[in-house]
Amino acid sequence: MKVFVAGASGTVGIPLVRALVEVGHQVTALTRSPEKQDELRRLGATPALADALDAQALRTAVLAATPSHVIHQLTALPKEGPSSESDLVATNRLRIDGTRNLLDAAIRAGAQRFIGGSFGLLPGAKT
Ligand SMILES: NC(=O)c1ccc[n+]([C@@H]2O[C@H](COP(=O)([O-])OP(=O)(O)OC[C@H]3O[C@@H](n4cnc5c(N)ncnc54)[C@H](OP(=O)(O)O)[C@@H]3O)[C@@H](O)[C@H]2O)c1
């Protein structure tokens, strides 16, 4: 498969890219940071530079990758976790506008599947 991973440089994204490459998928790995491109190349992916909040730049990156599958692992939560409502502003924008931009780009690129992470809080659940 040709997989476009948004959030490829993150805690979830890096092992995800590694696992996809290991089983033979062709991976394009999104980051905003030119300095992270080498690490993504070392994982076996092709880096793509764009900000997910820039709809045009993201569309250009996704269209260039011609992905069959697009995976959403974007977040802008502080590394130590959110401690106030204001800590959620950036990630909420990314989840709303970033998701819309990524979905729009995936559709325009003709991707067959769009995979987005979700979560549920389960009070009392034991892990
Ligand atoms: N880590 C955990 O323990 C954990 C637990 C439960 C759920 N999750 C969920 O898993 C998903 C990924 O989380 P994570 O922990 O891997 O996040 P992370 O380590 O903070 O990584 C965030 C990723 O999002 C990218 N990103 C942020 N803003 C961006 C923007 N405007 N445009 C393009 N890319 C942007 C970053 O790329 P660059 O900075 O390179 O541009 C980076 O690749 C989230 O939905 C999160 O809620 C994570």
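As a reminder, the structure under discussion sits directly above these lines.
Residues numbered from 1 in each chain as written. Predicted model: local features only at pLDDT ≥ 70, side-chain atom pairs only at ≥ 80, totals over all residues. Heavy atoms only, no water.

Turning to the overall build of the protein, a few remarks are in order. Per the secondary structure count, the protein includes 4 helices and 5 strands. Counted from the first residue to the last, the protein has its helices and strands arranged as β-α-β-α-β-α-β-α-β. In terms of overall dimensions, the protein is globule-like: its C-alpha atoms have a radius of gyration of 15 Å, near the 14 Å expected for 127 residues. Over its C-alpha atoms, taken along the principal directions, the protein stretches across nearly 40 × 30 × 30 Å. Within the protein, the fraction of its 127 residues that count as buried is 34%. (Helix = DSSP H or I, 4+ residues; strand = E, 2+ residues; numbered from the N terminus. Rg over C-alpha atoms; globule rule 2.2 N^0.38 Å. Buried < 20%, exposed > 50% of the residue type's maximum accessible area, 1.4 Å probe, protein only.)

So, about the layout of surface pockets. Considered as a void within the structure, the largest pocket measures approximately 910 Å³ in volume. Taken together, 30 residues form the lining of the largest pocket, with Gln-73, Leu-74, Thr-75, Ala-76 and Leu-94 sitting closest to its centre. Secondary-structure elements contributing two or more residues to the lining of the largest pocket are β2 (26-31) and α4 (89-109). Top element by residues in the lining of the largest pocket is α4. It accounts for 4 residues. (1 Å grid on protein atoms, 1.4 Å probe; cavity = no way out; pocket = protein on both sides within 12 Å on 5 of 7 lines; lining within 4 Å. Points joined across faces, edges and corners; volume = space filled by probe spheres on them.)

Glancing now at the pairing of β2. Every regular strand shows the same layout, with side chains that alternate between the two sheet faces. Of all the 6 residues making up β2, 5 are buried; the element is thus mostly covered by neighbouring parts of the structure. In this structure, strand β1 (residues 2-6) lies alongside β2, joined through 4 bridges in parallel fashion. Looking across to β2, one finds that Lys-2 is bridged to Gln-26. Between β1 and its parallel partner β2, the chain crosses via helix α1 (residues 13-22), and the hand of that crossover is right-handed. Of the pairings in the sheet, the one linking β2 to strand β3 (residues 46-49) comprises 4 bridges and is parallel in character. Each bridged residue has a counterpart across the sheet, and for Thr-28 the counterpart in β3 is Thr-46. Since β2 and β3 lie parallel, the crossover through helix α2 (residues 37-42) that links them has a hand, and here it is right-handed. (Pairing = 2+ DSSP bridges. Right-handed = clockwise from strand over helix to strand, strands pointing away.)

Taken together, 18 residues surround the ligand, and among them Ser-9, Val-12, Thr-31, Arg-32 and Lys-79 come closest. Separating an oxygen atom of the ligand from a backbone N or O atom of Thr-75 is a distance of 3.4 Å. Applying the majority rule of atoms within 2 Å of the grid points places the ligand in the largest pocket. For the shell around the ligand, the per-class residue count stands at 6 nonpolar, 7 polar and 5 charged. (Near = heavy atom within 4 Å. Polar contact = N/O pair within 3.5 Å; in protein donor to acceptor, adjacent residues only side chain to side chain. Sits in = over half its atoms within 2 Å of the grid points. Nonpolar A, V, L, I, M, F, W, Y, C, P; charged D, E, K, R; others polar.)

So, on to α4. Between its first and last C-alpha atoms α4 spans 29 Å; for 21 residues at 1.5 Å apiece the expected length is 30 Å, and the two agree. Tucked inside the fold, the buried residues of α4 contact β1, α3 (55-65), β4 (69-72) and β5 (113-116). Once α4 ends, the next one or two residues include Gly-110, with phi positive near 80°. (Expected span 1.5 Å × (residues − 1). Contact = heavy atoms within 4.5 Å.)

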